[in-house]
Amino acid sequence: MNHLQKLRTTYILRWVASNCFQNHIRSSETLFRLIGSFYFVQNPRLYRTKKIVKPDNDAYCDVSSGGDVSKVPIATREAQAALLEYLHSTRNLQFLDAEHMSKNSPYFLEKILNKVGNDNEENIGRAITRFFRYHPVNEFEPFFESLGLKPCEYSHLLPRDLIFLNDDDLLLENYHVLCNYGFARKKIGMIYKEATEVFRYDFGVLRSKLQAFEKLGLSQSFVRKVIVRNPKFLVGDVNLEFIKVLEILKSMGIEFSWIGEHSTEQSTFNWRTMFSFLSFCSKIGCSEEQLRILIRQHPEILLEDSGNMALSLVGFLLKFGTSMNEICLMFQQFPQIKLGEFFTNLRQCVVFLNEIEMEAKEIGNIVRTHPVLLGTCALKKTSSLLTILKVGKKRLCAIILENPQEMKKWVMGCRLKPLPRLQLKEEESDTLKAEFLLEVGFEENSKQFETALKDLRTRARDLRERFDLIVEAGLERKDVCDMVRVAPLILKQKKEVLKTKIDYFVNDLGYPISSLKPFPQYLMYNMKTVKCRLSMYNWLKDRKLVEPTLALSTIITCSDKLFVTRYVNRHPGGHQVWQSLKNSD
């Protein structure tokens, strides 16, 4: 038995004997306050424990927890023994408190060793003992360090007017209450750091708070988990949202210990958010039985970020017009996948659909009707899919709209092959486009007809929809046919673009819709080009440098170089204004 083990045995026997003598001369209250709980010294182990080599290379070793003394430097062992003797014999701290402090305060011991010097290892123990005899130390430093705090974390927590632990009765009392409740001593430091007021509670207050949680049906192990992750839970009255969550779970037949069983060390508990999620589920029509099955099968829905992730998912779906009934149905069909992964997949699928230029209305329909599918598909990158499948964005959109389940084949990890060419469908599409052009008034097999058929690379259905949009703007069908024959490429633009240009033409520029008949090419020009040129023209017109009645076609159709030469150069500051207009959004 080594020197430190002998010292441990001697101090335990001395402490027990001392307490037995004090029982005859102290009142029970005073005895409890000085000795704390006798729980720690029942059946003291006086035999040697098996050595277990720890994997770390700390400069100190906790012998009481099974560390290998041989790996601790002699100077450190002597310093630990001297600190133990000082704290227990001289300062009358409980043996287990003193022992834990001496074994778990390496920074403090290093500071002491630097002060006394450690050149002569044989006399280091006596030198430290002599140092403690004439230089009382601040006992709060090794105390806080032994609770798991580093010097930089506890330096501002040190009392200004105290250096002896026994002078702070409330601190030791509440510390012993937490130890007796089963809290690991090295985790108590975080509780002190985040909820210092807990250690200022009067005698019995902290114990009654812990007992109040047990009266709610909570196990000690779960209470410890909750408090370690959220020390503020011990401050003030019992959290109201916590009680509400407890009542809802109990009404569903779920014991609160279930949360402890399915939570991890990294789990956090925001009871207000949990209560909001459970209340929301009730509002959207989920029965208690449905909610109970859902939570039991998928604990992460409630426990991942305290239900906040689930609420974010719901909010995302609501933006796409998903109804409450559809959300409830989705949760009932929720797959065996982590909620965070499900939400990430869903968002990535929406990004993919947007990148292949699917219309917003169609994206919304897919999100509403196939949320579970989208949440389980971790798709490859859009560029990779287009390259490997050797398809265009329009065909990919058509495939998804026809059968969204096809996306299952495009997830990461699946080997893909190029899709077969659809020659027959392309031929059918050309036939339909030809029929539409003939209806508009093109002459079959004419050069103009062939050019339009070649340039309008889109579906006949889209051509008809864009044609109808121009008619609905207020023009006669015959006039629109004439416009398309003059400028067939106006139907190459999407409906949204055509609508924006017509709206600007009528409402902002003030032209009647009939003015498009002689100049349909307006619909083919970029909106920024149109706005820049008209703004420049109006600027020059205000200075009476151009004719006030120039035709729109005259202003727009000329090249930029000609426009600058013909109009911008008419004013010395024209170039500066022109560049400013071009650079503006």
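Now for a description of the structure that goes with this document.

Conventions adopted
Residues numbered from 1 in each chain as written. Predicted model: local features only at pLDDT ≥ 70, side-chain atom pairs only at ≥ 80, totals over all residues. Heavy atoms only, no water. Patch = residues over 30% accessible without salt bridge, like charges linked within 9 Å, V, L, I, M, F, W, Y side chains within 5 Å. Areas by Shrake-Rupley, 256 points an atom, 1.4 Å probe, with all protein chains shown as cover. Salt bridge = Lys/Arg side-chain N within 4 Å of Asp/Glu carboxyl O. Lys, Arg positive; Asp, Glu negative; His and termini not counted. Charge placed at Lys NZ, Arg CZ, Asp CG, Glu CD. Helix = DSSP H or I, 4+ residues; strand = E, 2+ residues; numbered from the N terminus. Core = buried A, V, L, I, M, F, W, Y, C linked by side-chain atoms within 4.5 Å. Buried < 20%, exposed > 50% of the residue type's maximum accessible area, 1.4 Å probe, protein only. Contact = heavy atoms within 4.5 Å. Arc of directions from axis to C-beta. Phe/Tyr/Trp six-rings, centres within 6.5 Å; stacked < 30°, edge-to-face > 60°. Lys NZ or Arg CZ within 6 Å of the ring centre and 35° of its normal. Axes fitted to C-alpha atoms, helices over the stretch in contact; angles between N-to-C directions. Parallel < 35°, antiparallel > 145°, perpendicular 65-115°, else oblique. Left-handed = near helix turned anticlockwise from the far one by under 90°. Expected span 1.5 Å × (residues − 1).

### Section: a negative patch on the surface
A grouping of Glu359, Glu465, Asp468, Glu472 and Glu496 is seen on the molecular surface, where their side chains present a negatively charged patch. Among the elements that take part in the negative patch, helix α27 (residues 460-472) stands out by supplying three residues, more than any other.

### Some thoughts on the nonpolar core
Counting residues in each nonpolar core, the largest one holds 116 residues, and the members touching the most others are Leu313, Phe331, Phe352 and Trp410. With eight residues, helix α20 (residues 339-355) is the single largest residue contributor to this core. Residue contacts for phenylalanine 331: discarding those within four places in its chain leaves Phe277, Leu294, Ile301, Leu313 and Val314.

### Some details on the pattern of salt bridges
Evaluated as defined, the whole model comprises 16 salt bridges. For lysine 193, the salt bridge goes to glutamate 153, with nearest N and O atoms at 3.1 Å. On the criterion of sequence distance, the pair formed by lysine 193 in helix α10 (residues 185-194) and glutamate 153 in helix α8 (residues 151-154) is long-range, its members being 40 residues apart. Here lysine 494 ties to glutamate 357 by a salt bridge, and the two come within 4.0 Å at their closest N and O atoms. With lysine 494 in the loop between α28 (477-486) and α29 (495-508) and glutamate 357 in the loop between α20 and α21 (360-369), this pair connects stretches of sequence that are 137 residues apart. Its relative accessible area of 45% is what places glutamate 357 among the partly exposed residues. In this structure, a network of salt bridges that share partners links the residues Glu357, Lys393 and Lys494.

### Details of helix α6 (residues 124-134)
Residues Ile124, Gly125, Ala127, Ile128, Phe131 and Phe132 constitute the buried set of α6. Down the axis of α6, the smallest arc covering the buried residues is 165°, so these residues share one side. Every exposed residue of α6 that faces more than 90 degrees away from the buried side is listed here: Arg126, Arg133 and Tyr134. In this structure, the buried residues of α6 make contact with α3 (74-90) and α5 (106-116).

### Examining the packing of aromatic side chains
Any pair of aromatic rings gets described here by the distance separating the centres and the angle formed by the planes. One pass over the full model with this rule turns up 20 aromatic pairs. Considering the side-chain rings of phenylalanine 143 and phenylalanine 144, the 5.6 Å spacing of their centres and the 55° angle between planes classify their relative orientation as tilted. The two residues phenylalanine 143 and phenylalanine 144 agree in class, both being buried. A network of ring pairs unites the aromatic residues Phe140, Phe143, Phe144, Tyr154, Tyr175, Tyr192 and Phe199 as a single cluster. Above the face of the phenylalanine 164 ring, arginine 91 is positioned so that its terminal group lies 3.8 Å from the ring centre. If you follow arginine 347 out to its NZ or CZ, it ends over the ring of phenylalanine 343, 4.2 Å from the centre.

### Looking at unusual backbone geometry
A positive phi angle is found at glutamate 357, which is not glycine, with a value near 65°. Here lysine 390, not a glycine, exhibits a phi torsion of approximately 55°, which is positive. Summarising the element assignment, lysine 390 is placed in the loop between α23 (382-389) and α24 (393-402). We classify lysine 390 as exposed; its relative accessible area is 63%.

### Quick notes on the packing of helix α15 (residues 271-283) against helix α18 (residues 308-319)
The interhelical angle for the contact between α15 and α18, taken along N-to-C directions, is 45°, at an axis separation of 9 Å. Judged by the inter-axis angle, α15 sits oblique to α18. For the element pair α15 and α18, the recorded crossing hand is left-handed. Contacts from Thr273, Ser276, Phe277 and Phe280 of α15 reach α18 at Asn308, Ala310, Leu311 and Val314.

### Notes on the environment of leucine 489
By the element assignment, leucine 489 lies in the loop between α28 and α29. Looking at leucine 489, the relative accessible area reads 31%, which means it is partly exposed. C-alpha separation for the pair leucine 489 and leucine 456, spaced 33 residues apart in sequence, amounts to 6.9 Å. Those residues in contact with leucine 489 that lie beyond four places of it in its chain are Asp455, Leu456 and Met524.

### Focus: the environment of leucine 218
Inspection of the secondary structure puts leucine 218 in the loop between α11 (205-215) and α12 (220-229). Among the residues examined, leucine 218 registers a relative accessible area of 7% and is labelled buried. Separated by 28 residues in sequence, leucine 218 and leucine 246 place their C-alpha atoms 9.8 Å apart.

### A look at α29
The end-to-end C-alpha distance of α29 is 19 Å, a good match for the 20 Å that 14 residues give at a rise of 1.5 Å each. Turning to α29, its buried residues are Leu498, Lys501, Ile502, Tyr504 and Phe505. Projected onto a plane normal to the axis of α29, the buried residues spread over an arc of 155° and lie on a single side. Among the exposed residues of α29, those pointing more than 90 degrees away from its buried face are Lys499, Asn507 and Asp508. Residues of α29 that are buried in the fold lie against α27, α30 (527-542) and α31 (552-557). Just past α29, the residue glycine 510 takes up positive phi, approximately 80°.

Remember, this is a structural readout, not a statement about activity or role.
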